[in-house]
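Take a look at the letters that make up each chain.
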Amino acid sequence: QVQLVESGGGLVQVGGSLRLSCAASGSIVSINTMGWYRQAPGKQRESVAVISGGGNANYGDSVKGRFTISRDNAKNTVYLQMNSLKPEDTAVYYCHALIFTTGFRQLNYWGQGTQVTVSS
């Protein structure tokens, strides 16, 4: 009974910015790692950014210096601030969370995906 709902995708021009949000709800005890993954047409899914429960972040090489991941633990929400967007950032972005639920289980959950399109 956990769901991740993403929002914030859209169409922007090269050099623009977007902020993605992902809110977790349901039978949550606590959330460990949260992250963002993306898949572009004809390409493999790749890790974009991951943030630990303590706030330590890691980024994929292609987005370092341009994207920032953050989280609000009180709201069970993770964000991805995307700046200096490039056409190669065009993809469906998926939220991921490793969540402790009732019964002391730790399970992986995925959002439905949100489309980001960067026009050249």
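The structure this text deals with has already been given above.
Residues numbered from 1 in each chain as written. Predicted model: local features only at pLDDT ≥ 70, side-chain atom pairs only at ≥ 80, totals over all residues. Heavy atoms only, no water.

1. Let's talk about the overall build of the protein chain
Within the protein chain, the regular secondary structure consists of 0 helices and 11 strands. Counting helices and strands in the order they occur from the N terminus, the protein chain gives β-β-β-β-β-β-β-β-β-β-β. C-alpha atoms of the protein chain, sized along the principal axes, occupy 50 × 25 × 25 Å. Counting the 120 residues in the protein chain, one finds 39% classified as buried. (Helix = DSSP H or I, 4+ residues; strand = E, 2+ residues; numbered from the N terminus. Buried < 20%, exposed > 50% of the residue type's maximum accessible area, 1.4 Å probe, protein only.)

2. Some remarks on the pattern of salt bridges
According to the stated counting rule, one finds 4 salt bridges in the structure shown. One salt bridge in this structure joins Arg 38 and Glu 46, with 2.7 Å as the shortest N-O distance. Judged by its relative accessible area of 4%, Arg 38 is buried. Salt-bridge contacts for Asp 61 lead to Lys 64; the nearest nitrogen and oxygen are separated by 3.1 Å. Take Asp 61: its relative accessible area is 67%, and that puts it in the exposed class. (Salt bridge = Lys/Arg side-chain N within 4 Å of Asp/Glu carboxyl O.)

3. Here we look at the state of the cysteines
Counting across every chain of the model gives 1 disulfide. There is a disulfide in this structure between Cys 22 and Cys 95, and the S-S distance comes to 2.2 Å. Where Cys 22 bonds to Cys 95 through sulfur, the torsion about that S-S bond is close to -85°, and the disulfide is left-handed. Taken together, the residues span a long stretch of sequence, with Cys 22 in strand E3 (residues 18-26) and Cys 95 in strand E9 (residues 91-101) at a distance of 73 residues. Grouping residues by exposure puts Cys 22 and Cys 95 together as buried. (Disulfide = S-S within 2.5 Å.)

4. Looking at the sheet that holds E3
In spatial order, the strands read E1-E3-E8-E7; together these 4 strands make up an open sheet with antiparallel pairing. Because the sheet does not close on itself, it has two edges, and the strands there are strand E1 (2-7) and strand E7 (67-72). Ignoring which end each strand starts from, the neighbouring axes of this sheet average 15° apart. Judged from the 6 bridges that link them, E1 and E3 form a sheet pairing that is antiparallel. Bridge pairing in E3 links Ser 7 to Ser 21. (Pairing = 2+ DSSP bridges. Axes fitted to C-alpha atoms, helices over the stretch in contact; angles between N-to-C directions.)

5. A closer look at the side chain of Glu 6
Residue placement: Glu 6 occurs in strand E1. Buried and without a salt bridge, Glu 6 has Arg 45 as its closest oppositely charged side chain, separated by 8.4 Å. Of note is the side chain of Glu 6, whose polar atom sits 3.1 Å from the backbone nitrogen of Gly 113. Here the side chain of Glu 6 touches Thr 114 through a polar contact of 3.1 Å, landing on its backbone nitrogen. Once residues within four sequence positions are removed from consideration, Glu 6 is found in contact with Ser 21, Cys 22, Trp 36, Tyr 93, Tyr 94, Cys 95, Gly 111, Gln 112, Gly 113 and Thr 114. (Lys, Arg positive; Asp, Glu negative; His and termini not counted. Polar contact = N/O pair within 3.5 Å; in protein donor to acceptor, adjacent residues only side chain to side chain. Contact = heavy atoms within 4.5 Å.)

6. Overview of the nonpolar core
Grouped together as the largest cluster of nonpolar side chains are 29 residues, with contacts concentrated most on Trp 36, Leu 80, Met 82 and Tyr 93. Taken together, the elements giving at least two residues each to this core come down to E1, E3, strand E4 (28-39), strand E5 (46-51), E7, strand E8 (77-82), E9 and strand E11 (114-119). (Core = buried A, V, L, I, M, F, W, Y, C linked by side-chain atoms within 4.5 Å.)

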